[in-house]
Amino acid sequence: MDDRDAVQQIQNELMLLSRYQFRPHPRSAGMLERSAFLLLSRLELVEAMTLKELSLALTLDTSTVHRQVGALLRSEYVHYVPGLPGEVARRLAPTAAGLAALGETRAINEEGLRSVVGDWPAQRREQFLSLLLRFNQDVEALENTPWPRVGDAPAPGPEVAE
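Criteria and cut-off values
Residues numbered from 1 in each chain as written. Predicted model: local features only at pLDDT ≥ 70, side-chain atom pairs only at ≥ 80, totals over all residues. Heavy atoms only, no water. Helix = DSSP H or I, 4+ residues; strand = E, 2+ residues; numbered from the N terminus. Core = buried A, V, L, I, M, F, W, Y, C linked by side-chain atoms within 4.5 Å. Buried < 20%, exposed > 50% of the residue type's maximum accessible area, 1.4 Å probe, protein only. Contact = heavy atoms within 4.5 Å. Pairing = 2+ DSSP bridges. pLDDT = per-residue confidence, 0-100. Expected span 1.5 Å × (residues − 1). Patch = residues over 30% accessible without salt bridge, like charges linked within 9 Å, V, L, I, M, F, W, Y side chains within 5 Å. Areas by Shrake-Rupley, 256 points an atom, 1.4 Å probe, with all protein chains shown as cover. Salt bridge = Lys/Arg side-chain N within 4 Å of Asp/Glu carboxyl O. Axes fitted to C-alpha atoms, helices over the stretch in contact; angles between N-to-C directions. Parallel < 35°, antiparallel > 145°, perpendicular 65-115°, else oblique. Left-handed = near helix turned anticlockwise from the far one by under 90°. Nonpolar A, V, L, I, M, F, W, Y, C, P; charged D, E, K, R; others polar.

(A) Quick look at unusual backbone geometry. The phi dihedral of Thr-59 is positive, around 50 degrees, even though this residue is not glycine. Checked against the element boundaries, Thr-59 lands in the loop between helix H3 (51–58) and helix H4 (62–74).

Structure follows, in structure tokens:
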């Protein structure tokens, strides 16, 4: 197989991977939808962020992030916290309810994922993790959007040029 064929096949497999949701069907009650899961996952691992910082970190339009944050505010999954002294922009942080919903959704997703990889040998799971991690970190490096990972020290949001 030449490199072009491999890249075409990888592209197809990534498309398929992005459509799979490893959770019980029908959709479990109380599950966060994807954008809420993503936003809360980011806010869980970093200091409070502004809408602009979230937009840059997620490479999403500010209006999209504003709409998604609005839904999280209405659900009381995030709240505004004081910013840095003299800072005008408000910062967002997850609430206890938001972190609980994130934990519940994550547990359901992990249960579904275990149904796929649970009988794989440990070495194969570790190899898959290593390849996914490398792939994601390479994308993050290309886009200059590093994603904090569990175990990393809490980091401030990205610097925003004014």
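(B) Just the nonpolar core, in detail. Among the nonpolar cores identified, the biggest contains 18 residues, and Leu-54, Val-69, Val-78 and Leu-92 are the most heavily contacted of them. Listed by contribution, the elements that provide at least two residues to this core are helix H2 (34–45), H3, H4 and helix H5 (96–117). Not counting residues within four places of it along the chain, the set of residues in contact with Leu-92 comprises Leu-43, Ala-48, Met-49, Leu-51, Leu-54, Val-69, Leu-73, Val-78, His-79 and Tyr-80.

(C) The pairing of strand E2 (residues 91–94), seen in detail. With burial as the criterion, each face of E2 is covered, one bearing Arg-91 and Ala-93 and the other bearing Leu-92 and Pro-94. One ladder, built from 4 bridges, connects strand E1 (residues 78–81) with E2; its direction is antiparallel. Bridge pairing in E2 places Val-81 opposite Arg-91.

(D) Fine view of the confidence of the model for the chain. Here the chain averages 87 in pLDDT, while 88% of its residues score no lower than 70. Every residue in residues 157–162 scores below 50 in pLDDT, and together they form 12 contacts with partners more than four places removed in sequence or on other chains.

(E) View of H4. Taking 1.5 Å of rise per residue, the 13 residues of H4 would be expected to cover 18 Å, and the 18 Å separating its terminal C-alpha atoms lies within 8% of that figure. All of the buried residues along H4 are Thr-64, Val-65, Gln-68, Val-69, Gly-70 and Leu-72. For H4, the secondary structure elements touched by its buried residues are H2, H3, E1 and E2. Looking one or two residues past H4, Glu-76 carries a phi angle of roughly 60 degrees, positive in sign.

(F) Broad picture of a nonpolar patch on the surface. A cluster of nonpolar residues, Ile-10, Leu-14, Leu-17, Tyr-20, Phe-128, Leu-132 and Phe-135, forms a patch on the protein surface that exposes about 560 Å² of accessible area. Those elements that provide at least two residues to the nonpolar patch are helix H1 (3–19) and helix H6 (122–143). Counting through the fold element by element, Ile-10 comes out in helix H1. Given the relative accessible area of 46%, Ile-10 is considered partly exposed.

(G) Layout of the packing of H3 against H4. Contact pair H3 / H4: the axes reach a minimum separation of 9 Å and the direction vectors enclose 115 degrees. Taken together, the axes of H3 and H4 are roughly perpendicular relative to one another. With respect to the hand of their crossing, H3 and H4 are arranged in right-handed fashion. Taken together, the residues of H4 that come into contact with H3 (itself represented by Leu-51, Leu-54 and Ser-55) are Thr-62, Val-65, His-66 and Val-69. Counted by class, the contact of H3 with H4 contains 4 nonpolar, 3 polar and no charged residues.

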